[in-house]
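Structural overview
Chain residues, written in single-letter form:
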Amino acid sequence: MSDPAITATNSNQSASINGDTQSMARPFIAIGQTVTDFFAWFGELGVFSWRVLRATFTPPFEGREFLRQLDEIGSKSFPLVALAGAAVGAVLSMEARSSLTRFGAKSLLPSAIVYSVIQEMGPIITGLVVSGRVGAGIGAELASMKVTEQIDAIEASAINPYRLLATTRILACILMLPLLTLAADGCGVLMGWLTQTVIEPVSLRQFIDRGFSGATFNDFLPPTFKTAVFGLIVGLIACFQGMRTRGGAEGVGRAATNSVVLSSLFVILADVVLVKFILVVFP
Amino acid sequence: MATTNDVMIRPIAGENGADPTVLSVEDVHKSFGMHKVLNGISLRICRAETLAVLGRSGTGKSVLLRLIIGLEQPDSGSICIQGKDLATLSLDQMGEVRLKMGFLFQHAALYDSLTVAQNVAFPLQHHRRDMSKSDRQDRVEQLLAEVGMEKASQKMPSDISGGMQKRVGLARALALSPEILLLDEPTAGLDPISSGEIDELVLKLQKEHQMASIVVTHDLHSAKTISNRLALLDKGKVVIEGTFEELKQSNIGFVKDFLKQT
């Protein structure tokens, strides 16, 4: 017959070993879960994109909602984008002036401002500003519709919610981003000139002539049109995050935050890839 | 009276011997993860008939309606609307079937960026594109008058009470003149007077439009008032189906308890 004291000790040791094993396995389980969630997210995004694509090319087309989104995403983002572009132009003008003066290349200041603003700063600033304003707006709006069953009500009325809600918003983002970028570029260059004029007066015509001397369409069109890809990213991710929301107010907040964070992240990553692509295709 | 031991499907002969069944649910199972919600449920409903589905919270009553309208897919079993099995339908065909159904959501699910009138006009704008603007306006006014909401047509959903939202939801569900009406907790969260008004409204609309209806509810009084038959669910199954009198005479413990508690 076994000694009860020894049995109790063995049992305690066994429990302790099990507990140790569990606590040792916990980080690996957490990592496994994160990896699974990561791939599940991309899988769901793929399915969502396919549904949106199919809805985009099948009638009926939601013209009225599309026009409403053009106004919501385009016109209403204009002041913020213009302000951001102007601020970038002013800062660039001040920073570039001091650097170029140090290297005796002050005459290159207009070109430095124009090229910097139009080739990189304007597009990326527009992409990030729109991902903040529009990404959060779309994410929160669709998430709120999801948790209050409004999206289910649309589907129950035999209306394709992907066509009505996602396609219209994504297409509006794709179309409006290049136009907003042009606005940001214009404000950036104008503010760059104004800042320089305050320190050392120069006419706008002279500034523009010097800034654009030797420039070709290849220098400016690809960077402007790459923002259509930013629009696709912002629209797609915001709609996806909004329409997959679960839970109540907390879910809506999470969807808005994730829309901004993820779309900004993907805009930055896409910019790196697109800059390399443009340099290769339009040398 | 039918019980779980005695399958509850009871076809009712229609005029000229035609099958009057408009909706049938056969042995449907549905789980969410490890949680089994519906466990082999079968129901049948005929033209101009109202079936009330009762049961405790979490027994899958609302899930049943979501399966019927196609917002969820069953794990197994079949759901047929006017003889068409939903599982075999394409997206377009599913859309056509949905046009024959009106759905009143538990919290009305009105579009909060649209006015009351725009909410009711919404299905008409999308599915009756040939309808002139004035005809559409007339139809919206007529629907709002039917549910007693004509004076609130320009209000936003956030500016009206829960009971009024349900009335508007009902008007929207009726916009395309559906043949089947699905009502998810039409009286939940309402005071007894508003509940009574909604019940009367549903009865009046059923009489006028001759639709088949499924009403999911906790409210036994409401179920008794507006339905021809009642089905009591427990653990994802129909425990009993029949008239209120048949339920009252049942010897099943759960049925007795449910009737006693409610």
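Residues numbered from 1 in each chain as written. Chains lettered and ligands numbered in written order. Predicted model: local features only at pLDDT ≥ 70, side-chain atom pairs only at ≥ 80, totals over all residues.

Check the secondary structure of chain A and you find 10 helices and 0 strands. Starting at the N terminus, the α and β elements of chain A follow one another as α-α-α-α-α-α-α-α-α-α. In terms of C-alpha radius of gyration, chain A reaches 26 Å, well past the compact-globule figure of 19 Å for 283 residues. Oriented by its inertia axes, the alpha-carbon framework of chain A measures out at about 105 × 55 × 35 Å. Of all 283 residues assigned to chain A, the portion counted as buried reaches 41%. Relative to all contacts within chain A whose residues are 6 or more apart in sequence, the contacts with residues 24 or more apart total 89%. (Helix = DSSP H or I, 4+ residues; strand = E, 2+ residues; numbered from the N terminus. Rg over C-alpha atoms; globule rule 2.2 N^0.38 Å. Buried ≥ 20, exposed ≤ 12 C-beta atoms within 10 Å, placed from the backbone. Contact = placed C-beta atoms within 7 Å.)

Residue and element names in this part refer to chain A. Put simply, helix H4 (residues 109–147) and helix H10 (residues 249–281) touch, their axes get as near as 8 Å, and they point 150° apart. The angle between H4 and H10 falls in the class roughly antiparallel. Both H4 and H10 take part in a crossing whose hand is right-handed. Classifying every residue of the contact of H4 with H10 gives 12 nonpolar, 11 polar and 1 charged. (Axes fitted to C-alpha atoms, helices over the stretch in contact; angles between N-to-C directions. Parallel < 35°, antiparallel > 145°, perpendicular 65-115°, else oblique. Left-handed = near helix turned anticlockwise from the far one by under 90°. Nonpolar A, V, L, I, M, F, W, Y, C, P; charged D, E, K, R; others polar.)

A separate point is the domain arrangement of chain A. All names here are of chain A. Split by domain assignment, chain A resolves into domain 1 (1–58) and domain 2 (62–281). In this structure, domain 1 and domain 2 have C-alpha centres spaced 39 Å apart. Taken together, the contact between domain 1 and domain 2 spans 8 residues of the former and 9 residues of the latter. Residues belonging to the side of domain 1 that touches domain 2 are distributed by class as follows: 4 nonpolar, 2 polar and 2 charged. (Domains from an automatic or database assignment.)

Let us now look at the interface of chain A and chain B. Contacts between chain A and chain B engage 10 residues on the former and 14 residues on the latter. Residues of the side of chain A that touches chain B, tallied by class, amount to 4 nonpolar, 3 polar and 3 charged.

What follows covers the nonpolar core. In this structure, Cys239(A), Val53(B), Val120(B), Ala171(B), Leu182(B) and Leu232(B) are the most contacted members of the largest nonpolar core, which totals 140 residues. If we ignore the near neighbours within four places in the chain, the residues touching Cys239(A) are Ile138(A), Leu142(A), Leu165(A), Ala166(A), Arg169(A) and Ile170(A). (Core = buried A, V, L, I, M, F, W, Y, C linked by C-beta atoms within 7 Å.)

Moving on: the pairing of strand E9 (residues 212–216) of chain B. Residue and element names in this part refer to chain B. By the criterion of burial, E9 is predominantly enclosed, with 5 of the 5 residues buried. Side chains of E9 alternate between two faces, with Ala212, Ile214 and Val216 and Ser213 and Val215 buried alike. The pairing of strand E8 (residues 180–184) with E9 spans 5 bridges and is parallel. By the bridge assignment, Leu182 is partnered in E9 with Ile214. Where the polypeptide runs from E8 across helix H6 (residues 192–209) and back to E9, its parallel neighbour, the crossover connection is right-handed. (Pairing = 2+ DSSP bridges. Right-handed = clockwise from strand over helix to strand, strands pointing away.)

What follows is about helix H6 (residues 161–199) of chain A. With 39 residues, H6(A) should reach 57 Å at 1.5 Å per residue; the first-to-last C-alpha distance of 55 Å fits that figure. By the largest-angle criterion, Thr167(A) marks the main kink of H6(A), which is about 30°. (Expected span 1.5 Å × (residues − 1). Bend = angle between axes of the 7 residues up to and from the residue.)

In the predicted model, chain B carries a mean pLDDT of 86, and the fraction of residues at 70 or more is 92%. Across the whole predicted complex the pTM is 0.85, and at the interface the ipTM reaches 0.87. (pLDDT = per-residue confidence, 0-100.)

Turning next to unusual backbone geometry. Look at the link from Pro59(A) to Pro60(A): it is a cis peptide, with omega at 0°. Tracing the backbone through its elements, the reader meets Pro60(A) in the loop between helix H1 (4–56) and helix H2 (63–73). Located in the positive-phi region is Gln82(B), a residue other than glycine, with phi close to 45°. By secondary structure assignment, the location of Gln82(B) is in the loop between strand E5 (76–81) and strand E6 (84–85).

Let's shift gears to the pairing of strand E2 (residues 21–32) of chain B. Residues and elements named next belong to chain B. Relative to strand E3 (residues 35–46), E2 is paired through 9 bridges, and the arrangement is antiparallel. Within E3, the position partnered with Thr21 by the bridge is Cys46. Counting the residues that bridge the hairpin from E2 to E3 gives 2 residues, and of these Gly33 lies at a positive phi of roughly 65°. Of the pairings in the sheet, the one linking E2 to E5 comprises 5 bridges and is antiparallel in character. The residue of E5 that forms the bridge with Glu26 is Ser78.

Turning our eyes to something else, we now look at the packing of helix H3 (residues 116–127) of chain B against helix H5 (residues 162–174) of chain B. Residue and element names in this part refer to chain B. Where H3 meets H5, the closest approach of the two axes is 7 Å, and the angle between their N-to-C directions is 25°. The orientation of H3 relative to H5 falls into the category roughly parallel. Our pair here, H3 against H5, has a crossing hand that is right-handed. Between H3 and H5, the residues in contact are Val116, Asn119, Val120, Phe122 and Pro123 and Val168, Ala171 and Arg172, respectively. Classifying every residue of the contact of H3 with H5 by side-chain character gives 6 nonpolar, 1 polar and 1 charged.

Another aspect to go through is the sheet that holds E5(B). Strands sit in the order E3-E2-E5-E6 (chain B) across an open sheet of 4 strands; the sheet is antiparallel. Both outer strands of the open sheet, E3 and E6 of chain B, are each paired with one neighbouring strand and no more.

Next up on the list: the environment of Lys166(B). Residue and element names in this part refer to chain B. With respect to the helices, strands and loops of the structure, Lys166 is situated in helix H5. On a C-alpha basis, the gap between Lys166 and Leu190 in space is 9.7 Å, while along the polypeptide they are 24 residues apart. What Lys166 contacts, discounting residues up to four positions off in sequence, is Leu104, Ala108, Pro186 and Ile198.

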